[in-house]
Amino acid sequence: MSEDIQLIVDGKRLDGRDFNELRPIKIEAGILKRADGSCYIEMGKNKVVAAVYGPREVHPRHLQDPSKAVVRYRYNMAPFSVEERKRPGPDRRSVEISKVSREAFEPVIMKELFPRSGIDIFVEVLQADAGTRTACINAATVALVDAGIPMKGLITSVAVAKADGVLVLDPMKEEDNYGEADVPFAFLIRNGKIESIALLQMDGRLSAEELKKATQMAKEGAMKIYELQREAIMKKYSSEEIEEQVI
Ligand code: UDP
């Protein structure tokens, strides 16, 4: 809790950011040859890779749905991604993150276009510093677009935390660990406008007023991330055009 460590010093966060400032973000689409779509993202010290496969045949077959595609999402943390070695394999936390992230994407992916098939999204955390689920969702969105999966919009994710009594955008590890609340959001953004909330979780407590303010902060942060996601996608496609011309 926040009495253990001071998170706000002279009106600034420990890494010098303003309350409503995102960490530096880097996004690159199409980094893996064998996946149908892929993306690498850095959000602050988080480093994440997303790979998308599909639409493809579903195995085991009894999981097929004759009316629409089945979407699967696997969140995984590398053993070396955190300070104390993470035991390999799924745990309660990764199963939960995989589930809520899949649920964020399911209504957006046009599953009915691909009956009996599967769309598999894998996200691998290489380095973690809080907000990995949000970084993974942002990478997964770009990888889905890169794979050519038809979607109704883009999903963009960012968290808001309460640290030393104030709301802060995109919390890093210290704010996540010692803050009073951590609230990851994901939004469906369509034609440049936030249309709905695709994911909302809350660890800790916020008043109704604070939650309203946190939502507003997250929306503003998400719009900035959305622009970077779009840029990464445009960059990938324009470089493909150049490659085609050279060939
Ligand atoms: N973390 C860790 N070991 C674990 C799980 C998490 O060190 O086994 C760290 C990691 O930096 C992670 C942070 O705790 O980013 C916050 O985890 P949380 O469950 O809130 O999910 P996240 O914020 O990464 O989506």
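This structure is a prediction, so every number in the text was calculated from the model and none was measured.

## Focus: the pairing of strand β8 (residues 154-163)
Right, so step 1: For β8, a buried count of 10 out of 10 residues is recorded, marking the element as mostly surrounded by other parts of the structure.
Right, so step 2: Along β8, one buried face is formed by Leu 154, Thr 156, Val 158, Val 160 and Lys 162 and the opposite face, lined by Ile 155, Ser 157, Ala 159, Ala 161 and Ala 163, is buried too.
Right, so step 3: Where β8 meets strand β10 (residues 181-190), nine bridges bridge the pair, whose relative direction is antiparallel. Its bridge partner being in β10, Ala 161 is matched across the sheet by Asp 182.
Right, so step 4: Relative to strand β9 (residues 166-169), β8 runs antiparallel, the two being bridged by four bridges. By the bridge assignment, Ala 161 is partnered in β9 with Val 168.

## Focus on the sheet that holds strand β4 (residues 37-43)
Right, so step 1: The strand order across the open sheet formed by five strands is β3-β4-β5-β7-β6, and the pairing between neighbours is mixed. Looking at strand neighbours, the two that pair on one side only are β3 (25-29) and β6 (70-77), the edges of this open sheet. Each neighbouring strand pair of the sheet contributes to a mean axis angle of 15 degrees, computed without reference to strand direction.
Right, so step 2: In this sheet, strand β7 (residues 117-127) lies alongside strand β5 (residues 46-57) in antiparallel orientation, the contact comprising nine bridges. In the strand pairing of β7, Tyr 53 is matched with Asp 120.
Right, so step 3: The sheet contacts of helix α2 (residues 132-146) involve β3, β4, β5, β6 and β7, and relative to β4 the element is tilted by about 150 degrees.

## Comments concerning the pairing of β10
Right, so step 1: Here β10 lies mainly inside the structure; nine of its 10 residues are buried.
Right, so step 2: Of the strand pairs in this sheet, β10 and strand β12 (residues 203-204) are connected by two bridges, and their pairing is antiparallel. Residue Ala 181 lies in a different strand from β12, and its bridge partner there is Gly 204.
Right, so step 3: With six bridges connecting them, β10 and strand β11 (residues 193-200) associate as antiparallel partners. Among the inter-strand pairings, Ala 186 is bridged to a residue of β11, identified as Leu 199.
Right, so step 4: Connecting the antiparallel pair β10 and β11 is a turn made up of two residues, with Asn 191 showing a positive phi of about 50 degrees.

## Things to note about the site of the ligand
Right, so step 1: By nearness alone, 13 residues border the ligand, and Arg 93, Ala 130, Gly 131, Thr 132 and Arg 133 come closest of all.
Right, so step 2: In this structure, Ala 130 approaches the ligand through a main-chain N or O atom, which is 2.7 Å from an oxygen atom.
Right, so step 3: Within the side chain of Asp 176, one N or O atom sits 3.3 Å away from an oxygen atom of the ligand.
Right, so step 4: In the complex, the protein chains occlude 77% of the 500 Å² of accessible area that the ligand would expose alone.
Right, so step 5: Assessed atom by atom at 2 Å from the grid points, the ligand resides in the largest pocket.

## Thoughts on α2
Right, so step 1: Counted at 1.5 Å a residue, the expected span for α2 with its 15 residues is 21 Å, and the 21 Å between its end C-alpha atoms agrees.
Right, so step 2: In the segment just after α2, Gly 148 is the residue with positive phi, at about 75 degrees.

## What about the packing of helix α1 (residues 92-105) against α2?
The relative placement of two packed helices is expressed as an angle between their axes plus a distance between the axes.
Right, so step 1: Look at α1 against α2: their axes get within 11 Å of each other, and the N-to-C directions meet at 45 degrees. Between α1 and α2, the angle is such that the two are oblique. Read as a crossing pair, α1 and α2 show a hand that is right-handed. Two secondary-structure elements touch here, α1 through Arg 93, Glu 96, Ile 97, Ser 101 and Phe 105 and α2 through Thr 132, Arg 133, Ile 137, Ala 140, Thr 141 and Leu 144.
Right, so step 2: Here the residues of the contact of α1 with α2 are counted per class, giving five nonpolar, three polar and three charged.

## Points about the layout of surface pockets
The probe, sized like a water molecule, is rolled over the atoms to show the empty space still left.
Right, so step 1: The calculated volume of the largest pocket comes to roughly 460 Å³.
Right, so step 2: Lining the largest pocket are 21 residues, with Arg 93, Ala 130, Arg 133, Asp 176 and Asp 182 sitting closest to its centre.
Right, so step 3: Secondary structure elements with two or more residues in the lining of the largest pocket: α1, α2, α3 (173-178) and β10.
Right, so step 4: Each residue belonging to the lining of the largest pocket can be placed in one class, and the counts come to eight nonpolar, five polar and eight charged.
Right, so step 5: Taken as a whole, the second largest pocket encloses approximately 290 Å³ of empty space.
Right, so step 6: Lining the second largest pocket are 15 residues, and of these Ala 29, Gly 30, Ile 31, Lys 236 and Glu 240 lie nearest its centre.
Right, so step 7: Looking at the lining of the second largest pocket, the elements that each hand over two or more residues are β3 and α4 (208-246).
Right, so step 8: Here the lining of the second largest pocket takes five residues from α4, the largest share from any one element.

Rules and cut-offs
Throughout, residues of each chain are indexed from 1 in the direction in which the sequence is written. Selection of residues for local features in this predicted model requires a pLDDT of at least 70, selection of side-chain atom pairs for listing and counting requires 80 or more, and totals for whole chains, interfaces and linings are taken over all residues. Excluded from the side-chain calculation are hydrogens and water; included are all heavy atoms of the structure. Three labels apply to residues, based on accessible area from a 1.4 Å probe with only protein chains included: buried if under 20% of the type maximum, exposed if over 50%, partly exposed otherwise in between. Helix and strand definitions follow DSSP, with helices as H or I runs of at least four residues and strands as E runs of at least two, each counted in order from the N terminus. For two strands to count as paired, DSSP must find a minimum of two bridges between them. Orientation is described by lines fitted to C-alpha atoms, with helices fitted over the stretch in contact, and by angles between N-to-C directions that extend from 0 to 180 degrees. Only heavy atoms enter the contact rule, under which two residues are in contact if any of them lie within 4.5 Å. Note on definitions. A residue lies near a molecule or strand when any single heavy atom of the residue is within 4 Å of it. Whenever a nitrogen or oxygen atom comes within 3.5 Å of another N or O atom, the pair is scored as a polar contact, on the condition that within protein one atom can donate a hydrogen and the other can accept it, and that pairs from neighbouring residues in sequence are kept only if both atoms are in side chains. The protein chains shown are the only cover counted for residues, whose accessible areas, like all others here, come from Shrake-Rupley with a 1.4 Å probe. Cavities and pockets were defined on a 1 Å grid built over protein atoms only: a cavity is a set of grid points that admits a 1.4 Å probe from which the probe cannot escape, a pocket is an open set flanked by protein on both sides within 12 Å along at least five of seven lines, and lining residues are those with an atom within 4 Å of any such point. By definition, a pocket or cavity contains a molecule when more than half of the molecule's atoms lie within 2 Å of the pocket's grid points. An expected span of 1.5 Å times one less than the residue number is assigned to each helix. For this classification, under 35 degrees means roughly parallel, over 145 means roughly antiparallel, 65 to 115 means roughly perpendicular, and everything else is oblique. Two helices cross in a left-handed way if the nearer one is turned anticlockwise from the farther one by less than a right angle. They cross in a right-handed way if the turn is clockwise. Throughout, the ten residues Ala, Val, Leu, Ile, Met, Phe, Trp, Tyr, Cys and Pro are labelled nonpolar, Asp, Glu, Lys and Arg are labelled charged, and all others, Gly among them, are labelled polar. Grid points are joined across faces, edges and corners, and a volume is the space filled by probe spheres set on the points.

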